[in-house]
Number of protein chains: 2
Amino acid sequence: LQLKQYEEDEAGAYMQIEVYTAGLEQNVHDVINDFAELRRNDELENVNYLFVTDKEKKLRYGVGLDNLLVFDFNKTLKDNIERTPEKFKPIVATDHDAIDDVVQKFQEYDLNSMPVVDKEGVLLGRITSDDIYDIINEQATDQMYHLAGVNDDAEEDEDIFKAGKARAIWLSVNLLTAIAASLVIGMFEETLQSIVALAILMPIVASMGGNAGTQSLTVVVRQLALGDIAKHDAFRTIKKEVILSLANGLFFAIIMGIIASVWFDKGMLGVVIALSMVINLLSAGFFGSMVPLLLKKLDVDPAIGSTVILTTVTDVVGFFSFLGLATLILL
Amino acid sequence: LQLKQYEEDEAGAYMQIEVYTAGLEQNVHDVINDFAELRRNDELENVNYLFVTDKEKKLRYGVGLDNLLVFDFNKTLKDNIERTPEKFKPIVATDHDAIDDVVQKFQEYDLNSMPVVDKEGVLLGRITSDDIYDIINEQATDQMYHLAGVNDDAEEDEDIFKAGKARAIWLSVNLLTAIAASLVIGMFEETLQSIVALAILMPIVASMGGNAGTQSLTVVVRQLALGDIAKHDAFRTIKKEVILSLANGLFFAIIMGIIASVWFDKGMLGVVIALSMVINLLSAGFFGSMVPLLLKKLDVDPAIGSTVILTTVTDVVGFFSFLGLATLILL
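Residues numbered from 1 in each chain as written. Chains lettered and ligands numbered in written order. Predicted model: local features only at pLDDT ≥ 70, side-chain atom pairs only at ≥ 80, totals over all residues. Heavy atoms only, no water.

## Some points on the interface of chain B and chain A
- Taken together, the contacts link 87 residues of chain B with 87 residues of chain A.
- By the criterion of area lost to chain A, the three top residues of chain B are B:Leu69, B:Tyr133 and B:Met144, representing 10% of everything that side buries.
- At the surface where chain B touches chain A, the tally comes to 6 salt bridges.
- A salt bridge links B:Asp66 to A:Arg39; the shortest N-O distance between them is 2.4 Å.
- In this structure, the connection of chain B to chain A is made through 26 residue pairs in polar contact (both at pLDDT 80 or more).
- For the side of chain B that touches chain A, the secondary-structure elements that each account for two or more residues are helix 1 (28-40), helix 2 (65-68), helix 4 (99-108), helix 5 (129-147), helix 7 (160-186), helix 8 (189-194), helix 9 (197-225) and helix 10 (234-263) of chain B.
- Here the side of chain B that touches chain A gets 18 residues from one element, more than from any other, and that element is helix 9 of chain B.
- Looking at the side of chain B that touches chain A residue by residue, the classes come out as 53 nonpolar, 24 polar and 10 charged. (Contact = heavy atoms within 4.5 Å. Buried area = accessible area lost by both parts, 1.4 Å probe. Salt bridge = Lys/Arg side-chain N within 4 Å of Asp/Glu carboxyl O. Polar contact = N/O pair within 3.5 Å; in protein donor to acceptor, adjacent residues only side chain to side chain. Helix = DSSP H or I, 4+ residues; strand = E, 2+ residues; numbered from the N terminus. Nonpolar A, V, L, I, M, F, W, Y, C, P; charged D, E, K, R; others polar.)

Rendered as structure tokens:
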């Protein structure tokens, strides 16, 4: 009941409220006897830490059982701890901390348990490694599903209609953007009428741009999620993606340029498709990295909608540059 | 050095060889004194389990420190354990077990440590929760990257040229399949010449098919990775995806059919695009689920190459059904 107060992304929503606690002034022997009693009643499982609190129930120390085992059992916790108190300073989460940050800390400090306290420092519960496994998996599933325009919760629902509706929403957005791209093609109706080869080659430019852009997008979305891209790295990330895309753009432009000129026996058609591929792959790298970085900056999940935005860009740039250059050069 | 014998996907490659062990006949008091000594020399970190071995170094029991704490310190481990031996049967991995199965077990049994033994049962080391965090994240990154045609190892390399080369390989495959799709368009050159509206609308059919297929593909790839699709579930999975795709296919076919007939003032053009969208989204759901299931059955990573295979299918089916139906109905 108490857990209901928390938002889905807050640490408090994930904590277990069963914890193994003792007071600072307690004798170690008594603490262990109390623990044995709890264990006999099957009231505590998967315990690795003893949380030590003061009289106001505020968390003071966290003692790993490996340390507790070598304490002097005839002294109080306080006496044992105060020889090396810095060793027992716990890494804590407050109940309203973002669960993402908590997961990061578990990985950074190799934790398998973390106490959760309120803003006064009063111990509320703990989060354990098995919760973290689930959260890491869920986060990754969310990212993959969001990139594909699928909703995690809807897919897991028994009601197949819900999954269908959630998918339809993204397909609707895609239909609108696909129509927008078609309007761009429509601008060049006369050009297409006079050179039908353009209609045949047109999807190649868009498809290569879409693929190169998806590569950049996926790498940036994932590295943002793993915390591998810090804020000041944004420029370096965009630069890297643009260089990679441009290099591959030049490479494939030459290959496809040659293929197109031979295929349709028209040298300048090769030049047109080559130029438009360079333009499209360059913009694919730029927008593939920009879109998630921008969404992140706006505090939106970088994975949601980014694929649709990106493929719209690569379709529009692809069709416009290819048919536009063809109109200028070939007509 | 010893770790070098293992393949990347074997449990042995991930184990730490520092473990906290004791012999079955040892007195608990002595065990704890030995442990205190190790701790004072900083030789053991992050310990939650005492592994109990027999004279041949074979692993017999695993005792959580929470249990050790309430043992009778004046008796041997054997005497303490034998009151409830089934409680101390450890969940073990053998060194050549697939690391994926080990990760599954950690999650299933909420473990934070697992002993690794050889085929004779001799204790070799342990895998801990912090290794598992890394592996879960890596697996998810691999899946996402593979879906996008990106290579995890190459991306993490400092050498930007390696990432570019790895990406170029998938772009090459995509170029070939895009050319194959263009050949399909080329088969309908005359149709395109007489009705240029077809060239304008053509990418919409392919794009909607590609998106719907990617939704199915991503869900199936991820659920295979999480172990949510058992072998006997394959048929049910395909059925679900086909139903979802077909439902959305019918819905968007009607919408796009109306838009196309109004846009180009030609009722039968609407019928053609609607029919071809139903066909393409139906095949998108079918192949989006079939491709990863088939790759898995062939013991290939379901994520590698599946996007390229799928979009080839949706492009070819989309172009062929749309232009083919147009030739039959409109000419």
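From this point, the narrative continues.
## Some remarks on the side chain of B:Gln215
- Structurally, B:Gln215 can be placed in helix 9.
- Every residue in contact with B:Gln215, bar those within four places of it in the chain, is listed here: A:Ala148, A:Gly149, A:Val150, A:Arg167, A:Trp170 and A:Leu171.

## Points about unusual backbone geometry
- Non-glycine residue A:Asp299 carries a positive phi angle of around 65 degrees.
- For A:Asp299, a relative accessible area of 74% puts it in the exposed group.
- Residue B:Lys57 is not a glycine yet carries a positive backbone phi of 70 degrees.
- Assessed through its relative accessible area of 56%, B:Lys57 is described here as exposed. (Buried < 20%, exposed > 50% of the residue type's maximum accessible area, 1.4 Å probe, protein only.)

## Here's the deal with the packing of helix 9 (residues 197-225) of chain A against helix 11 (residues 267-297) of chain A
Residue and element names in this part refer to chain A.
- Contact geometry for helix 9 and helix 11: axes closest at 8 Å, N-to-C directions at 25 degrees. With respect to each other, helix 9 and helix 11 are oriented roughly parallel. Where helix 9 crosses over helix 11, the handedness of that crossing is right-handed.
- Grouping the constituent residues of the contact of helix 9 with helix 11 by class yields 18 nonpolar, 8 polar and 1 charged. (Axes fitted to C-alpha atoms, helices over the stretch in contact; angles between N-to-C directions. Parallel < 35°, antiparallel > 145°, perpendicular 65-115°, else oblique. Left-handed = near helix turned anticlockwise from the far one by under 90°.)

## Re the environment of A:Leu294
- One can find A:Leu294 in helix 11.
- The exposure class assigned to A:Leu294 is partly exposed, which follows from its relative accessible area of 45%.

## A few points about the side chain of A:Thr218
- For A:Thr218, the location among the structural elements is in helix 9.
- A:Thr218 sits in the buried class, given a relative accessible area of 3%.
- Beyond its immediate chain neighbours, meaning those up to four positions away, A:Thr218 contacts A:Leu147, B:Met144, B:Tyr145 and B:Ala148.

## Quick look at the sheet that holds strand 6 (residues 123-128) of chain B
Residues and elements named next belong to chain B.
- If you walk across this open sheet you meet the 3 strands as 4-5-6, and the pairing is mixed. Edge strands, defined here as strands with exactly one partner in the open sheet, are strand 4 (93-94) and strand 6.
- Where strand 5 (residues 113-117) meets strand 6, 5 bridges bridge the pair, whose relative direction is antiparallel. Within strand 6, the position partnered with Ser 113 by the bridge is Thr 128. (Pairing = 2+ DSSP bridges.)

## Focus: the packing of helix 10 (residues 234-263) of chain A against helix 11 of chain A
Residue and element names in this part refer to chain A.
- Here helix 10 crosses helix 11 at 160 degrees, and the two axes come no closer than 7 Å. Here helix 11 runs roughly antiparallel to helix 10, going by the angle between their axes. Crossing handedness for the pair helix 10 and helix 11: right-handed.
- Split into classes, the residues belonging to the contact of helix 10 with helix 11 amount to 20 nonpolar, 10 polar and 1 charged.

## Brief notes about the packing of aromatic side chains
- What the rule picks out here adds up to 18 aromatic pairs over all chains.
- Ring centres of B:Phe71 and B:Phe88 lie 5.7 Å apart, and the angle between their planes is 75 degrees; this geometry places the pair in the edge-to-face category. With B:Phe71 in the loop between helix 2 and helix 3 (77-81) and B:Phe88 in the loop between helix 3 and strand 4, this residue pair connects regions lying 17 residues apart in the sequence.
- Three or more aromatic residues joined by ring pairs form one cluster here, namely A:Phe106, A:Tyr133, B:Phe106 and B:Tyr133. (Phe/Tyr/Trp six-rings, centres within 6.5 Å; stacked < 30°, edge-to-face > 60°.)

## Some details on the relation of the copies chain B and chain A
- Superposing chain B onto chain A takes a rotation of 180 degrees plus a shift of 0.0 Å along the axis, which leaves an RMSD of 0.1 Å. On this basis, the relationship between the two copies can be described by a two-fold rotation axis.
- By residue overlap, the copies meet face to face through one surface: 100% of the interface positions of chain B are interface positions in chain A. (Least-squares fit on C-alpha atoms with pLDDT ≥ 70 in both.)

## Some details on the sheet that holds strand 2 (residues 49-53) of chain B
Residue and element names in this part refer to chain B.
- Read across the sheet, 3 strands follow the order 1-2-3 without closing on themselves; strand pairing throughout is mixed. Every interior strand has two partners, whereas the edge strands, strand 1 (21-23) and strand 3 (59-64), have only one. The mean inter-strand angle of the sheet, taken between neighbouring strand axes irrespective of direction, is 30 degrees.
- The pairing of strand 2 with strand 3 spans 5 bridges and is classified as antiparallel. Counterpart to Tyr 49 in the pairing with strand 3 is Gly 64.

## A look at the domain arrangement of chain A
- Domains assigned within chain A are domain 1 (2-137) and domain 2 (158-330).
- Its C-alpha centre places domain 1 of chain A at a distance of 50 Å from the equivalent point of domain 2 of chain A. (Domains from an automatic or database assignment.)

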